[in-house]
Each structure stands twice: as structure tokens, then as C-alpha cells.
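Listed below, chain by chain, are the residues.
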Amino acid sequence: MKQDFDIVIVGAGMVGATLACALGEARLRVALIEAQPFKHDWPAESFDQRVSAITRASQNIFTSLDAWQGMCAARVSPYRDMHVWDATGDGVIHFDSADIGEPLLGHIIENRVIQSALLKRVAALDTIELITPARVASLDVQVGQVQVRLDSERVIHAALIVGADGGRSPLRELAGIEVQGWSYGQEAVVARIETSAPHQETAWQRFLPDGPLAFLPLADGSSSIVWSTSPEHARELLAMEDSAFLDALQESFGDRLGRMLGCGPRASFPLRMQHAKQYTQARLALIGDAAHTIHPLAGQGVNLGLADAAVLAEVLVEAHRQYQDIGALRVLRRYERWRKGDNMTMITSMESFKRLFGSHHPALRWLRNTGLRLTDKLGPAKNLIMRQAMGLEGELSQLARGKRL
């Protein structure tokens, strides 16, 4: 049975493009479908409103795929420390990469910088065809292959289709895969902020009664904020004049970074926990936000998706080398077993943190402040938390360990 490609990937965002690079470098034939054309050029002085905190494990993945150098050539910002404190008490914790003998905890990188570097790698691989703008119009799972019809009427046959098309994944809906989850009743307001004091290559996060407010260091000395708050407050913040917004930000964050001097354009997006009941079917797999979304308070969302991509690539490449059917459910289940437990653990942890730090109950307020103070004093426990947050614990994929497939 002749197939046009080995694998069709729907979604050329950070996670989908990572999977495409990994498979393309292993000489698997990939069709990468993307609804929105991507522009690689933007004004040098402009910053993307959306940034990601990239862990050391995710950095290893990008390095293994020869994409990290392109990101560094554009703009990345390392962070070596992280300060977290509670606005309603005296609880505080300080994470310092030097305590575990590491040069840094991770990097803050604009999403478009990550995507651009990955898509340039995609363009350099003759095993990948990027098809954009295009959407999947219909899906037909057949014996031994999947038939994909695009909105352009082009028909593609492949052994496997992968959904990397976001939290509202149209492919997941076409496949009839259900999700469980709920709204957090919050929105995240994002903007770039200039402050009078340097950020010191440090991530800062203050837990407010309505949600966490994070300042993430950028390469030019400014910071990107993620302010999780109620939808009503988010609308108020977006409607304010810049001066009023900076005053509100100053009052909520305090003076650890001096005075708030200026801000770029603001935007917001709703926060939701969502988890697919299954990651795989015969000839289909879900990765990234198509499989799971979590609260951004720990900055782990995209890193979980990148880990999905690295593990799925490893499973598929190994199966292909052993002349196994890469679209068979018994192969795809290896990926699901590997990733679903880790993702569930992170989802549960983030939900626990969200509930603990979002509670106004005096007993829970005492508990979280006491917990922060005690953990800050317990070196081994704090060091383990850092290594886990850096993605350096557990069963790592080859790419996450810095090895090629």
C-alpha cells in the first residue's frame, strides 16, 4: 500500500514543529499541516506577548534537533534564580541554580522565536513538507493507513496522524476523543514591563488573593508578566490607560524591581485545565495542548508538550527501525503509557497548588506560608524540586538527555 507520507502532523506550533524535526531527522516522511502561515520577520524592537519558561530538558531537546543555536541567535534570556512569596503572609522561598551546581534554571524565550527556529530546521529537512495555510477537513481511518482530506481538497495517505493543534484541537474532535476538565475562572494578562531596577536574571512570582503574578526576565532588561486574575479584573486591567495599569501593577507586586516605568501592549487569555481521556487511537496520537492543558503558575505547560513530542518521536523511530507498523495501537500505547502518568502527576500538582494558594481560609493561608518557609530551609527537598522543575528527573527521552535519535 503506497502512502504519501509516514506521518501527518496537524499543527506547526512549538510542539508540532519539534516532533516534525525529530522525525524528519530520522528520515521519516512527514507532512506538517498548519492553518496559519508563519512570518519569520518582525521589527527588532518588538517583543512577542507570549513567552515560555523553557526547562533544561527542553533546551536539550532543541539542541539535539539543531534548533537551539537559532533561538540563541535571535533572543533568549537565562534565569538563574526564582523568588516566590505570598502576599497574604510571610512565606517565601528562593531557588538558586548554584545550590545544585547548575549554571541556570532555564530560559525565558518568546514563543515566536522558538517557533521560527524550529520551522527553519523544518525547511532545511527534505523529509518534511510544510503545507500552509491548510486545515484538515475530514479523516478516514482505513486498514493499514489513514486518509486525510484537506480543505484544499488535497488527499494525503499516511500510516499515522498526530494532533498538535492546541487545546481546542479540531483533530481531537474529528477523532471523537473526549476531554475532562474545568475552567479555573481566571484569565492571564500578559505584557512586557520596564522597571527601574534590574531583574537580575531572576524569575519573580507573588501569590495574590486572586492568583499569581509573575515577572519573567527578558534579554533587554525588561520583564514579561503573567498576571492570573478574575475575568472581571482582567477586563479592567486591559481597559486601563498605561499609567493606571502600571500603578495597579506596582501596588500588586511591590517594589522588588523598583518602579514600573512602562508597558507594552496587553492581552489576556482564559485559563483552563483539560486532559484527554485517551492520547491514542489506531493511527492517531495527541500531543501537547491537544492532550492536556494546565495552569501557567509553574510555567510547565509547553515543556510537557515538548516532552510528549520527544517521547513519541523516540517510540516511532524505534518501531520504524524494527519494521513495525508505526500507526498500530500497540506501538502508540507505548507513548501513552510513558507520558500520561507524568502529565497526570503535573496536572494534580498544579491543581493542588492552585487550590492551596487561591484559598482565603485562614488555616490554609497559615499552611502555605509555613510550607514555603520550611521548604526554603530544607536544602535537599528544595534541590529536588529544582531538578524536577528543570525536567532532569524521572524517565527521560533520549532527546531530553541531549542525545540524537
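One can find the structure itself at the top, above this paragraph.
Model, not experiment: these values are computed from the prediction.

Caption draft 1: Local environment of the overall build of the chain. Per the secondary structure count, the chain includes eleven helices and 20 strands. Radius of gyration (C-alpha) of the chain: 21 Å, near the 22 Å computed for a compact globule of 405 residues. Projected onto its principal axes, the C-alpha positions of the chain cover 65 × 45 × 40 Å. Burial analysis of the chain (405 residues in total) assigns 55% to the buried set. Contacts spanning at least 24 positions in sequence make up 73% of the contacts within the chain whose residues lie at least 6 apart. Total accessible area on the chain is roughly 17400 Å²; 51% of this is exposed by carbon and sulfur atoms. A distance of 4 Å separates the average location of the 43 positive side-chain charges in the chain from that of its 46 negative side-chain charges.

Caption draft 2: Just the side chain of Asp308, in detail. In this structure, Asp308 sits in helix α8 (residues 301-321). On the accessibility criterion, Asp308 (0% relative accessible area) is buried.

Caption draft 3: Focus on the packing of aromatic side chains. For the structure on display, the rule yields four aromatic pairs. On the numbers, 4.1 Å between centres and 35° between planes, the contact of Phe215 with Phe253 is tilted. Here the residue Phe215 occupies a position in strand β14 (residues 211-217), and Phe253 occupies one in helix α7 (residues 242-253), the gap between them amounting to 38 residues. For the pair Phe215 and Phe253, a shared accessibility class is recorded, and that class is buried. Aromatic ring contacts, followed pair by pair, group Trp85, Phe215 and Phe253 into a single cluster. The lysine or arginine in question, Arg75, covers the ring of Phe47, its NZ or CZ lying 3.7 Å from the ring centre.

Caption draft 4: Up close: the state of the cysteines. Under the defined criterion, the tally for this structure stands at zero disulfides. The thiol sulfur of Cys72 is not disulfide-bonded, and the nearest other cysteine sulfur, from Cys21, lies at 16 Å.

Caption draft 5: Here's a closer look at the environment of Val317. The residue Val317 is located in helix α8 in this model. Judged by its relative accessible area of 3%, Val317 is buried. On a C-alpha basis, the gap between Val317 and Gln205 in space is 40 Å, while along the polypeptide they are 112 residues apart. Apart from the residues within four sequence positions on either side, Val317 is in contact with Leu23, Ala26, Leu28 and Leu405.

What counts as what
- Residues numbered from 1 in each chain as written.
- Predicted model: local features only at pLDDT ≥ 70, side-chain atom pairs only at ≥ 80, totals over all residues.
- Heavy atoms only, no water.
- Helix = DSSP H or I, 4+ residues; strand = E, 2+ residues; numbered from the N terminus.
- Rg over C-alpha atoms; globule rule 2.2 N^0.38 Å.
- Buried < 20%, exposed > 50% of the residue type's maximum accessible area, 1.4 Å probe, protein only.
- Contact = heavy atoms within 4.5 Å.
- Areas by Shrake-Rupley, 256 points an atom, 1.4 Å probe, with all protein chains shown as cover.
- Lys, Arg positive; Asp, Glu negative; His and termini not counted.
- Charge placed at Lys NZ, Arg CZ, Asp CG, Glu CD.
- Phe/Tyr/Trp six-rings, centres within 6.5 Å; stacked < 30°, edge-to-face > 60°.
- Lys NZ or Arg CZ within 6 Å of the ring centre and 35° of its normal.
- Disulfide = S-S within 2.5 Å.

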